[in-house]
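A closer look at the structure
Listed below, chain by chain, are the residues.
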Amino acid sequence: MKDVDSLVMRVVHWTIPLLTIGIFAVDLLTPVGIAVSILYVVPLLLTVFRSKEQESLYFCGLATGLLWLGLFLKPPGSSLLYGVLNRTLGTLVLWILALGLIRFRRLQHESVQAERDLMSERVERAHAEGLMMEAQQARYYADREAVRAGVGRKEAEGQLLVAQLRLESIIESAMDAIITVDEDQRVVLFNHAAEQMFGCSTQAAIGQPLDRFLPTRFRDAHRHHVQGFGQSGVTSRKMGHLGTVMGLRSTGEEFPIEAAISHIAVEHQKYYTVILRDITERKQAEIVLKETTERWQLLMQYAPAALAMLDRDLRYLAVSQRWMSDYRLEGQSLIGKSHYEVFPEIPERWKIVHQRGLAGEVVRCEEDRFVRQDGTEQWLQWEVRPWYTIGGAVGGLVFFTEDITERKRGEEALHESQRQLTTLISNIPGFVYRCRNDRDWTFEYLSEGVSDLTGYTVQEYLVQRSISYGDNTHPGDRERVWQEIQAAVAQRRPYETTYRILTRAGEVKSVWERGEGIYAMDGGLNYLEGFVTDITERKRAEHLLRQSEERYRRLIAISPYAILVNRGDRILFANDQAIKLFGAVKADEILGRSVMDLFHPDYHPAIRERIHELVEGRAQVPMLEEKIVTLSGRSVDAEVSAARFVDEEGPAILVMLRDISERKRLQEQLRKTERIAELGTVASGMAHEIGTPMNVILGRAEYLMDRVTEEPIKKGLQTIITQVERITRVMNQLLSFARRKTPERGALDLKQVVEDSLEMFHERLTRSQIQLELLLADPCPMVLADADQMSQVMINLVMNAVHAMPNGGTLHVALAPELQMVKLTVADTGHGIPREVIKKIFDPFFTTKEFGKGTGLGLTVVKGIIEEHQGSIAVESQEGAGTTFTILLPMADNKT
Amino acid sequence: MSPVTNGKGAVLLIVEDDREMRSLLCDEFCGMGYQLREARDGDEAFLSVLQSVPDAILTDLRMPAGGDDYVSRLRTVAPQCPIVVMTAFGDARLKAQVLKAGANAYFDKPVHIAELKNCVQQLLNHGPGAEGR
């Protein structure tokens with residue numbers, strides 16, 4: 001091949017001028033119409049083989065000249081215009097071709113430069129080694145030719161020439177520095193690349209020792225090394241086998257080189273040829289590559305994303321730590337394992353995705369569910385992307401996945417919570433809002449509840465803005481609400497207010513609102529947020545409650561019962577009746593006291609038991625008669641019932657009391673009356689039985705009295721008679737009390753009765769030296785009374801008075817009207833009645849008189865009669881000073 | 001029936017269930033010259049009057065076959081005979097009933113025998129019309 005090339009070079013050298021001259025001659029000879037001039041293209045193309053690219057240009061210029069010269073020299077003909085056009089075209093073609101050739105050659109030159117790229121290092125090395133081989137071969141030939149020179153000089157010279165040419169072109173065009181030294185290590189060959197590498201021209205390098213291109217510290221070692229190599233049988237060592245050595249540029253800069261060396265002996269002279277390559281850039285590239293790889297691995301491993309790189313068979317090449325943790329694969333080694341082996345649960349649809357990825361497609365999915373073999377569920381966002389080899393083929397897949405389970409759950413939770421909030425907002429009785437702080441309360445958000453409240457729809461407020469909440473507010477409350485909210489906002493506290501609104505239907509509703517200002521980062525008020533609810537019903541209920549309360553308050557106030565409320569053994573409330581019952585003036589005198597203070601100690605155990613029952617949950621305890629103690633210490637009979645109730649402050653006891661002392665008194669009186677009536681019955685029965693025996697005693701005594709004369713016997717008999725008479729008196733008193741008939745009441749002049757009765761006593765009074773003092777109103781109103789009974793009353797009272805004044809005194813009898821009654825007073829100046837006795841004087845058979853003088857029934861009878869007449873009798877007495885009986889009797893109507 | 005003066009020989013029927021009281025009355029009136037007949041209860045008195053009407057009847061009221069209707073029955077068989085009734089602690093109502101039933105006099109026991117004697121004597125002397133106190 002090389003022979004052919006050099007032959008062509010030589011043939012071209014002289015073919016171009018010959019062809020040019022030939023074409024010019026033909027052009028002259030041919031008529032104008034024939035475009036022979038285009039044949040200049042042939043020699044032009046041949047210039048490609050010339051070494052200098054400018055030669056095509058030179059030739060093109062020459063050919064253009066000849067082309068137009070040919071036209072001038074030729075005899076002009078009819079087709080001159082055609083000829084001109086023809087040649088113009090030809091010239092154009094020539095120049096385009098020439099320029100094209102130049103461009104082609106330049107591109108070729110640049111592509112040679114480009115081959116020095118680092119990525120094609122292996123090719124380059126092979127090329128360099130090839131050059132080396134070629135050079136060696138060429139030298140071999142050259143050497144052999146030289147050796148053979150003597151034998152066949154002519155032939156040898158020819159071959160030598162070819163070899164030299166080839167060698168020179170190789171050496172010049174080699175990208176590695178090629179330096180040949182002789183046995184003395186002086187430079188004999190220094191190519192262009194070496195010039196550039198060491199910054200030293202060939203002229204300057206030739207004849208210089210090689211040491212000059214080595215850093216001083218390597219020089220000796222290198223020299224020995226080269227000599228050692230020369231003495232060895234090895235003729236060449238490949239690039240890189242020597243390791244990296246350092247070169248020295250003329251500027252003094254050291255740089256790493258790789259070297260290949262070969263040696264050859266020509267005519268006993270040894271020559272060493274070194275091929276050197278500057279590997280500064282490669283070294284740097286290697287470092288860069290290493291760093292890049294490390295960085296890439298670091299990035300891959302620690303990327304905060306699940307990444308996996310797989311080859312075409314979906315075997316793992318690399319995974320990020322996140323991948324391991326996301327899929328709970330910690331501790332396993334995935335590299336080299338099949339993706340499907342690691343995840344046997346991978347669904348079929350994903351396998352299809354992998355196939356699509358391997359076909360060059362990028363597939364992604366925002367949300368996908370992945371059910372793991374153990375049943376757990378993962379939500380993933382993923383992307384499957386093919387990666388390409390340098391050759392451009394799909395090398396495998398890269399998976400980017402993100403476990404969005406948490407996010408998904410969060411979104412679901414958020415969604416659920418939003419749904420709940422929406423449900424909540426739509427179900428609350430009222431509405432929530434966000435509004436501007438203006439007088440219209442311009443809404444920015446509003447819940448549906450507003451239409452139930454105001455009758456206007458959310459659209460009317462927010463979209464059409466045909467109504468504002470400011471308009472809805474009752475004119476009477478508008479300013480107040482504004483002031484309240486402004487005050488709250490100014491103090492940055494929530495506001496709470498109650499006001500009225502006007503609904504679409506013209507209704508007035510009461511609403512309650514609570515809200516607060518929402519402030520921006522800079523502290524300015526953004527808007528207000530809050531809640532409004534209808535309290536019309538509540539207001540109405542409150543009103544009703546107040547009414548009801550008022551009703552019950554009145555009820556309690558007018559209740560005939562005394563009412564107390566007791567909680568925790570402290571009285572909380574007492575109504576007026578209770579205040580009165582306990583003899584207090586103000587409620588404060590009772591409130592706060594223990595309930596026990598107000599009850600008689602005898603009843604404390606029973607009351608405690610009742611309170612205990614109520615506290616234990618019994619609703620109420622029955623009415624019971626107890627005794628209370630008033631503030632002044634007086635005991636009063638009371639009827640007490642109690643009920644338990646519970647309010648917000650806890651259980652309490654409601655106590656109801658009624659003063660029953662009057663009833664008790666009446667009962668007692670009735671009881672006494674009944675006893676007396678019983679006594680009457682007994683006395684009556686007894687009277688029948690003893691009447692006859694008494695008569696026998698009396699009769700016999702009188703019988704004997706008539707027949708005896710002895711005084712002592714007569715005296716004894718008289719005693720018997722007197723005693724029987726006494727018994728008879730008692731029995732008659734008793735019987736008159738027991739048998740008293742229903743009084744025949746009518747209008748009675750009491751004055752007459754008094755005077756008649758006193759008349760009966762006239763003698764007696766005189767005898768006892770008793771002064772009579774009469775003070776009878778005249779005229780005195782009539783009383784409604786029975787004459788006989790009134791007489792009996794008078795006799796009894798006067799009799800008592802006389803007995804009270806055995807040593808004389810004054811009997812004072814008065815009669816006077818008093819209100820609708822007539823008052824009869826009978827007073828004496830006798831010995832009086834002792835205090836402890838005075839209560840008993842109306843009791844039957846109670847007497848202070850000496851034995852035989854009183855029956856003990858007189859005042860009982862008097863009291864009975866007066867009470868039967870709806871009157872009253874009272875006694876006042878002072879021991880040693882006298883006794884006064886006061887009787888009040890109802891007046892008779894004027895008609896009767 | 002002829003009027004009897006000073007009680008001598010007048011027949012007096014004493015009706016009394018109590019033996020002592022009857023004995024006392026007998027002793028007292030016997031001493032005054034009355035002719036006495038005795039009865040122990042109402043029925044005996046009634047039978048006695050049926051046999052022969054006495055000049056006067058002195059009777060208790062509360063005794064077997066006694067009472068105010070007993071006085072009425074006696075009055076039917078002895079329309080003119082003075083009847084003096086005595087009863088233990090009677091009352092105004094009973095007295096009124098007895099007098100209405102035909103008794104000539106009424107006394108509550110215990111009564112002074114002297115009063116009784118006076119009353120009986122008066123009745124015998126002056127005929128019916130006298131009343132007890």
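Below you will find a few notes about this structure. (Residues numbered from 1 in each chain as written. Chains lettered and ligands numbered in written order. Predicted model: local features only at pLDDT ≥ 70, side-chain atom pairs only at ≥ 80, totals over all residues. Heavy atoms only, no water.)

We now examine the overall build of chain B. Scanning chain B for helices and strands turns up five helices and five strands. Counting from the amino terminus, helix and strand elements in chain B follow one another as β-α-β-α-β-α-β-α-β-α. Across the 133 residues of chain B, 54% fall into the buried class. Here the contacts in chain B between residues at least 6 apart in sequence split such that 63% fall between residues at least 24 apart. (Helix = DSSP H or I, 4+ residues; strand = E, 2+ residues; numbered from the N terminus. Buried < 20%, exposed > 50% of the residue type's maximum accessible area, 1.4 Å probe, protein only. Contact = heavy atoms within 4.5 Å.)

Secondary structure assignment for chain A yields 27 helices and 28 strands. For a compact globule of 896 residues, the expected C-alpha radius of gyration is about 29 Å, and chain A comes in at 75 Å, more than 25% above that figure. Oriented by its inertia axes, the alpha-carbon framework of chain A measures out at about 235 × 80 × 55 Å. For chain A, buried positions account for 40% of its 896 residues. If you take every contact in chain A between residues at least 6 apart in sequence, the share linking residues at least 24 apart comes to 54%. Split by element, the accessible area of chain A, about 51,400 Å² in all, is 57% carbon and sulfur. (Rg over C-alpha atoms; globule rule 2.2 N^0.38 Å. Areas by Shrake-Rupley, 256 points an atom, 1.4 Å probe, with all protein chains shown as cover.)

Okay, the sheet that holds strand 23 (residues 770-776) of chain A next. Residues and elements named next belong to chain A. On the basis of which strands lie adjacent, the open sheet formed by five strands has the order 23-25-26-28-27 and mixed pairing. Whereas interior strands pair on both sides, the edge strands pair on one side only; in this sheet they are strand 23 and strand 27 (872-878). Sheet twist, expressed as the average angle between the axes of neighbouring strands with direction ignored, equals 10 degrees. Lying over the sheet, helix 25 (residues 787-804) contacts strand 23, strand 25 (809-818), strand 26 (821-827) and strand 28 (882-890), oriented at roughly 170 degrees with respect to strand 28. (Pairing = 2+ DSSP bridges. Axes fitted to C-alpha atoms, helices over the stretch in contact; angles between N-to-C directions.)

Two elements in contact, helix 22 (residues 661-707) of chain A and helix 1 (residues 19-30) of chain B, have axes separated by 9 Å at closest approach and are oriented at 30 degrees. If you check the angle between helix 22 of chain A and helix 1 of chain B, you find them roughly parallel. The interaxial crossing formed by helix 22 of chain A with helix 1 of chain B has left-handed handedness. Between helix 22 of chain A and helix 1 of chain B, the contacting residues are A:T692, A:N695, A:V696, A:G699, A:R700 and A:Y703 on the first element and B:E20, B:M21, B:S23, B:L24, B:D27 and B:E28 on the second. (Parallel < 35°, antiparallel > 145°, perpendicular 65-115°, else oblique. Left-handed = near helix turned anticlockwise from the far one by under 90°.)

If you check helix 24 (residues 750-767) of chain A, its first and last C-alpha atoms are 26 Å apart, about what 18 residues at 1.5 Å a residue would give, namely 26 Å. Burial in helix 24 of chain A covers these residues: A:L750, A:K751, A:V753, A:V754, A:S757, A:L758, A:F761 and A:L765. (Expected span 1.5 Å × (residues − 1).)

This part covers the nonpolar core. Residues and elements named next belong to chain A. The biggest cluster of nonpolar side chains holds 41 residues, and the ones touching the most others in it are M790 and L811. Per-element accounting of this core gives the leading share, seven residues, to helix 25. Look past the residues within four positions of M790 in its chain and what remains in contact with it is L748, L750, V753, A785, I865, I866, H869 and L889. L314, M324, L334 and L397 belong to the second-largest nonpolar core, a separate cluster that totals 26 residues. (Core = buried A, V, L, I, M, F, W, Y, C linked by side-chain atoms within 4.5 Å.)

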